[in-house]
Amino acid sequence: MIVANYLVAAAVFCLGLLAIMLHRDLIKVVLGLSLMEASGYLMLVSMSYRRHATAPVLVNPPSGQSEQSLVNGNVTDPVLQNFCLTAIVIGVAVTGVFLAIAVRAAQHYRSVDAANLTELHG
Amino acid sequence: MTLAGSLPLAVAAPLLGGALSPLVARLHRRLALVVGLLSMAASGLVLGLAASRVYRGHPLVHYLSGQGPSHGQVLGITFVADPLGISFALLTVLIGFFLFSALLSEFGEIGEKELGGLAALCQLLLAALIAAALTADTINLFVWFEVAALASYGLTGFFLERPIALEAAFKMAVLTSMAGFAVFLGAAMLYADRGALNFGQLHASLAGPLPRPVLVGFALLIAGFATKAGLAPFHGWLPDAHTPVPGAVSALFSALMVNLGVIGLVRCGVQVFPSGHRMLGLLTAFGLVSALLGALLALVQDDLKRLLAWDTVSQMGLLMLGFASATAEGTAGAVLHLVNHALFKALLFLCAGAVVHATGMTSLSQLGGILQRRPLVAIAFTVGVLSISGVPGFNGYVSLDLLHAGLEHEQPVLWAARLAQVITVAALFRAAWLGFLRRRREPYEHLAAPRSGMRLSLIGLGVLCVSFGVFGYSIIRVVAGPAAATVLHPERYAALALGRGGGLPVVPVEFSYFGAKEVVPALVELALGLLLCLAVVRYGEPAPIRPLRRLHTGSVNDYAMFATVGVLVCAVTLLA
């Protein structure tokens, strides 16, 4: 199950990277970056799955209780889930900035072709 | 509140200032920048007090909200004021102060909304840099990386009258977001495998053979920070981002922001990653390529700011060579050069900004005659050029000599670094001659008067460039030596980050100001550089550089492809 997650994450990541490298359409480049980020989220939640282990917040269990009595079975690492939430928030902000730039570029050049954006070179 | 406990205030002050600036701009627009000056002063006070302890061998450690280590594990945010971090933080505050002073005089006239936004973005970026210098865990470093990135997108696209600002902002945003993603994924992979975020805990967990996910994680971290540092082949965004923005913002990017990447590379690649691996070779390779590529392309640029930006790529490469040399001289030289580069590059970009502001031109072929018309700006630019060229008496001389001395055990690298220095001298003297010193018969159509804030910044930075050269020896002893010691003794830094106090080791750094081994090579490089400069001015662009220029097509897709190749190089080198 987890292996499938990693495979899908890798596939989505490659798709995003290809879009960034091959598409001249600014919106598609932004979509490619979003795909890359989405693959990161999937990878993070998959990595947080811990079989027969304890979450790191349980390093110091309350007195009278052991780690095993607090956790029955498999756990998910809450730290990585937190990262995932952070990444989603940052991803949204960055996508917003990207789209703002793309809109301004579209207003100015009347197209979203990245070939217009090569005045600075060499 | 203890001194260590007040470290977060150094970050909070500019963050608060950033929130206040747009509000007070409604009262009076210049107040927005005055708030910036005040927040830098407040932050500088805290950091200065901390530095007086740190430089005397008592580094400070603070765990935010008291989440200290338990059984050698820390998940909370850790701030460590070690000599390297505090030096960069103090440098940020110092240069930030001069930049606000320059902005105040150059942009005091634009609208209140714009000025408020500009001041807020600058303070946000400065806060992120100070925090990144002090932080000692991977995820917190990523957060400040992203804060700096978002602020820099805003600053690049701020002056949209020039459509190239849009273009630069888009390229920068694509490459920096890819870098941010790499840093984030790398940090998460390291955490998933080692259960550690704190640099000290991570370093301790890396003893013994390393599994693949850990190596891939490090490859991603290195690629991400190398993008921020503008190292080749991740450098596509850097020259573009510096071209359309005002001089003070270019100075902020080149003098300070790229150093965030260098700090990240040093922390992750040298201090956390166990030595004796291929990491130092990888950093040396990136450093070499950047040093030569940046210098060569700087040699042929026509746009003054773009020339200086390409030189930043070259200088960052040189810094990496020093840090990756793993010698006391090389590391101390790199730390000192990081500080010196920030000083002279800020000075050069402010001069370029002053010229663009006064004449409205950026092209070297059209400029000229600034010495007669604006002597202060021309002299300040020349001081910057002399510093960067390693002329004895100016600051670059000391740090370049130390850096070169540290590379002596690897002769090919040393000769490449010397070659890069010769080309750098030629590139910068060409800029000084064409843009500032040569005569220009026809008068400028429009020549704005210089302002006092700009004068203050130029004189201040120029004096600092000279005094860091004159007092080079004391600065090595007080600042660069201890900072090099923390880099060369990662186990001490790791112990600090885990709160196991203790002093810092002392690493002796050999340097003699007037030794023949120091002075002669510097003068030979200078002479060769001047000859090359004459040849380029006389005969135009050298043919071998043309393919390199054609390689930089300006297309965001191509630059993303270069960066992807760079990531693969990192991964393959570390995994092989």
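Quantities reported herein were computed from a predicted structural model and do not represent experimental measurements.

Q: What should I look at first to understand the packing of helix H17 (residues 411–437) of chain B against helix H21 (residues 516–539) of chain B in this one?
A: Any two packed helices are characterised by the angle at which their axes cross and by the distance between the axes. Residues and elements named next belong to chain B. Direction vectors running N to C along H17 and H21 enclose 50 degrees, while the axes themselves pass 7 Å from each other. Considered as vectors, H17 and H21 are oriented oblique to each other. Here the hand of the crossing between H17 and H21 comes out right-handed. Residue-level contacts link Arg418, Gln421, Val422, Ile423, Val425, Ala426, Phe429, Arg430 and Trp433 of H17 to Glu525, Leu526, Leu528, Gly529, Leu530, Leu532, Cys533, Val536 and Val537 of H21. The class makeup of the residues in the contact of H17 with H21 is 13 nonpolar, 2 polar and 3 charged.

Q: Looking at this model, I keep getting lost on the interface of chain A and chain B. Mind explaining?
A: Put simply, an interface is often sized by how much accessible area is lost when its parts join up. Tallying the contact residues gives 36 residues for chain A and 39 residues for chain B. For the side of chain A that touches chain B, the elements supplying multiple residues, two or more each, are helix H1 (2–22), helix H2 (26–47) and helix H4 (78–109) of chain A. Examining the composition of the side of chain A that touches chain B, we find that 13 residues originate from one element, H4(A), more than from any other. The class makeup of the residues in the side of chain A that touches chain B is 26 nonpolar, 6 polar and 4 charged.

Q: Mind showing me how you'd approach the nonpolar core here?
A: Taken as a class, soluble globular proteins show a tendency for nonpolar side chains to be buried jointly. Residue and element names in this part refer to chain B. Of all hydrophobic cores here, the largest spans 274 residues; its most connected members are Leu125 and Leu347. Per element, the largest residue contribution to this core is 22 residues, and it comes from helix H6 (residues 163–194). Residue contacts for Leu125: discarding those within four places in its chain leaves Ala148, Ala151, Ser152, Leu155, Leu252 and Met257.

Q: Help me understand H17(B) in this model?
A: Since there are 3.6 residues in each turn of an α-helix, residues three or four apart along the chain are aligned in direction. End to end, H17(B) covers 37 Å across 27 residues, agreeing with the expected 39 Å (1.5 Å per residue, within 8%). Among the 27 residues that make up H17(B), 19 are buried, leaving the element largely enclosed by the rest of the structure.

Q: What exactly am I supposed to notice about the confidence of the model for chain B here?
A: Atom-level detail of predicted coordinates should not be read off regions where pLDDT is low. Residue and element names in this part refer to chain B. Looking at chain B, the pLDDT average stands at 92 and 100% of residues meet or exceed 70. Predicted confidence in chain B is weakest over helix H14 (residues 370–373), with a mean pLDDT of 89, and strongest over helix H12 (residues 304–324), with 96. Interface confidence for the predicted complex, expressed as ipTM, amounts to 0.90; the pTM equals 0.95.

Criteria and cut-off values
- Residues numbered from 1 in each chain as written.
- Chains lettered and ligands numbered in written order.
- Predicted model: local features only at pLDDT ≥ 70, side-chain atom pairs only at ≥ 80, totals over all residues.
- Axes fitted to C-alpha atoms, helices over the stretch in contact; angles between N-to-C directions.
- Helix = DSSP H or I, 4+ residues; strand = E, 2+ residues; numbered from the N terminus.
- Parallel < 35°, antiparallel > 145°, perpendicular 65-115°, else oblique.
- Left-handed = near helix turned anticlockwise from the far one by under 90°.
- Contact = placed C-beta atoms within 7 Å.
- Nonpolar A, V, L, I, M, F, W, Y, C, P; charged D, E, K, R; others polar.
- Core = buried A, V, L, I, M, F, W, Y, C linked by C-beta atoms within 7 Å.
- Buried ≥ 20, exposed ≤ 12 C-beta atoms within 10 Å, placed from the backbone.
- Expected span 1.5 Å × (residues − 1).
- pLDDT = per-residue confidence, 0-100.

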